[in-house]
Amino acid sequence: MSVYSEHSNTKNKFAQLLAAEGLSVRHDGSADTAYFDLNKREVVLPMWKEMTDDFYRMLLCHEVGHALFTPKEGWHSSTKEYGHNFAGFLNITEDARIEKKMKRKFPGLRKDFFSSYKSMWFDRDMFGVKDRDPNSMNLIDRLNMFAKVGESTGLVFEGEDKVWLDRLMNTESFEDAKKLALELFEKAKDEMSETAEDGLRSGSQSGSDKSEESSDGDVLIERDNSASESKDSSDSSYSSYSSDSSDSSDSDSGASTGDNRGKDPFSETDNNFRANE
């Protein structure tokens, strides 16, 4: 008997008891991620292969954390004001906050979070780092992975990056999470703009320019426009993941019925909290 059908009514009651409200739990075979619908007060869980009991509890309790600690109006007003790309950053900082609060409120859940995130990292490659150095990834992605998996990621934070990590791990209120997400979002936009401008400058000087010779000997310069195109599309190029770590930090991520490498199980929409990493 699968983890979905076995004692399903009991799991419903378990979620309601944790959340202290009559929310509902639905299993959806077509769902790519786990998510919590803030309007319907419904937890939706994907039906992934090889779903263990501890992995199932981690997904369920993560979404219950949003039911308990994420303010509906705060989430909606923030994403409406700053846009969908910002929602990805807010989802990461808010995930770190609510998972910390869940482990604090229900200490018995720590083991489920720890073992599940460890499996996501080492066995399922849900963060997509098997063939990559995680330290080479963007700051927001590294923060997300460390918050969920902890020191076993081998991630190194020094200087300014360490300050960002300390702030993430010490968020307490939704306003803390929102403020941090906004600063990280603005930092990412600034860095993307600088990268695009550097590409344009270097391209105009040498390497990126394509030259060819005309039939009468003149050199024709064709500028490579990829840098400017990157700058134009910067608003839609931010990846959105979720996070939290183990005991020394906290953990988070997911799996699907197919190849789930690189997929974080918690991501967001304007009304829902859905599962990325």
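Residues numbered from 1 in each chain as written. Predicted model: local features only at pLDDT ≥ 70, side-chain atom pairs only at ≥ 80, totals over all residues. Heavy atoms only, no water.

Peer 1: Please explain the overall build of the protein as it appears in this structure.
Peer 2: Secondary structure assignment for the protein yields nine helices and seven strands. Looking at the protein residue by residue over its 277 residues, the buried ones come to 48%. Counting every atom, the protein has about 13300 Å² of accessible surface; 46% of that belongs to carbon and sulfur. (Helix = DSSP H or I, 4+ residues; strand = E, 2+ residues; numbered from the N terminus. Buried < 20%, exposed > 50% of the residue type's maximum accessible area, 1.4 Å probe, protein only. Areas by Shrake-Rupley, 256 points an atom, 1.4 Å probe, with all protein chains shown as cover.)

Peer 1: Explain the pattern of salt bridges here, please?
Peer 2: Oppositely charged side chains can form a pair if their charged atoms are brought close together. In this structure the tally under the stated criterion is 15 salt bridges. Notably, a salt bridge pairs Glu 42 with Arg 26, separated by 3.2 Å at the nearest N-O pair. Placement of the pair is Glu 42 in strand 3 (residues 42-46) and Arg 26 in strand 1 (residues 24-28), with a sequence separation of 16 residues. Of the residues examined, Glu 42 reaches a relative accessible area of 12% and is grouped as buried. Residue Arg 26 is classed as partly exposed on the basis of its relative accessible area, which comes to 33%. Notably, a salt bridge pairs Asp 161 with Arg 142, separated by 3.2 Å at the nearest N-O pair. Pair noted here: Asp 161 is in helix 7 (residues 160-169) and Arg 142 is in helix 6 (residues 139-149), with a separation of 19 residues, a long-range link. Linked by salt bridges that have partners in common, Lys 100, Lys 101, Arg 104 and Glu 172 make up one network. (Salt bridge = Lys/Arg side-chain N within 4 Å of Asp/Glu carboxyl O.)

Peer 1: Just to check I follow, could you spell out unusual backbone geometry for this structure?
Peer 2: For residues besides glycine, phi is generally negative; the peptide bonds are generally trans as well. Backbone geometry at Ala 20 places phi at a positive 55°, although glycine is not the residue there. With respect to the helices, strands and loops of the structure, Ala 20 is situated in the loop between helix 1 (8-19) and strand 1. For Ala 20, a relative accessible area of 67% puts it in the exposed group.

Peer 1: Please clarify how helix 2 (residues 53-69) should be interpreted in this entry.
Peer 2: In an α-helix, one turn spans 3.6 residues; hence positions three or four apart end up facing the same way. Relative to the 24 Å expected for 17 residues at 1.5 Å per residue, helix 2 spans 24 Å between its end C-alpha atoms, a close match to the ideal helical length. Of all 17 residues that make up helix 2, twelve are buried, and the element is covered over most of its length. Three or more residues of helix 2 are buried, namely Phe 55, Tyr 56, Met 58, Leu 59, Leu 60, Cys 61, His 62, Glu 63, Val 64, Gly 65, His 66 and Ala 67. (Expected span 1.5 Å × (residues − 1).)

Peer 1: When you look at the packing of aromatic side chains in this model, what are you seeing that I'm missing?
Peer 2: Geometrically, a pair of aromatic rings is defined through the distance of the ring centres and the angle of the planes. For the structure shown, the criterion picks out seven aromatic pairs. Residues Trp 48 and Phe 55 carry aromatic rings whose centres are separated by 6.1 Å and whose planes lie at 70° to one another, so their mutual orientation is edge-to-face. With centroids separated by 5.6 Å and ring planes inclined at 50°, the aromatic side chains of Trp 121 and Phe 127 adopt a geometry described as tilted. Like Phe 127, Trp 121 is buried. Each residue in the set Tyr 82, Phe 86, Phe 89 and Phe 185 is aromatic and connected to the rest through ring pairs, giving one cluster. Positioned over the ring face of Tyr 56 is Lys 11, at 5.4 Å from the centre of the ring. (Phe/Tyr/Trp six-rings, centres within 6.5 Å; stacked < 30°, edge-to-face > 60°. Lys NZ or Arg CZ within 6 Å of the ring centre and 35° of its normal.)

Peer 1: Would you take a moment to explain helix 6 for this structure?
Peer 2: Burial analysis of helix 6 places eleven of its eleven residues in the buried class, which makes it a mostly covered element. Listed as buried for helix 6 are Leu 139, Ile 140, Asp 141, Arg 142, Leu 143, Asn 144, Met 145, Phe 146, Ala 147, Lys 148 and Val 149.

Peer 1: Quick question: what am I supposed to make of the nonpolar core here?
Peer 2: The nonpolar side chains of soluble globular proteins are, as a tendency, buried together. Formed by 55 residues in total, the largest nonpolar core has its most connected members in Leu 23, Val 25, Leu 45, Leu 59, Leu 143 and Leu 184. Among the elements of the structure, helix 1, strand 3, helix 2, helix 4 (84-105), helix 5 (110-122), helix 6, helix 7 and helix 8 (174-205) are those that each provide at least two residues to this core. Of the residues forming this core, the biggest block, eight residues, is contributed by helix 2. Among all residues touching Leu 184, those that are not within four sequence positions of it are Phe 89, Thr 93, Leu 139, Ile 140, Leu 143 and Trp 164. (Core = buried A, V, L, I, M, F, W, Y, C linked by side-chain atoms within 4.5 Å. Contact = heavy atoms within 4.5 Å.)

Peer 1: Looking at this structure, I do not really get the environment of Ser 24. What am I missing?
Peer 2: Among the secondary structure elements, Ser 24 is positioned in strand 1. Along the chain, Ser 24 and Arg 41 lie 17 residues apart, while their C-alpha atoms are 6.8 Å from each other. If we ignore the near neighbours within four places in the chain, the residues touching Ser 24 are Asn 12, Arg 41, Glu 42 and Val 43.

Peer 1: Help me out: how do you make sense of the pairing of strand 3 in this one?
Peer 2: Each regular strand carries side chains that alternate between the two faces of the sheet. Burial analysis of strand 3 places five of its five residues in the buried class, the great majority of the element. Both faces of strand 3 are covered, namely the face carrying Glu 42, Val 44 and Pro 46 and the face carrying Val 43 and Leu 45. In this sheet, strand 3 lies alongside strand 1 in parallel orientation, the contact comprising five bridges. Across the sheet, the residue bridging to Ser 24 is Glu 42, located in strand 3. In this sheet, strand 3 lies alongside strand 2 (residues 35-37) in antiparallel orientation, the contact comprising three bridges. Its bridge partner lying in strand 3, Tyr 35 is registered against Val 44. (Pairing = 2+ DSSP bridges.)

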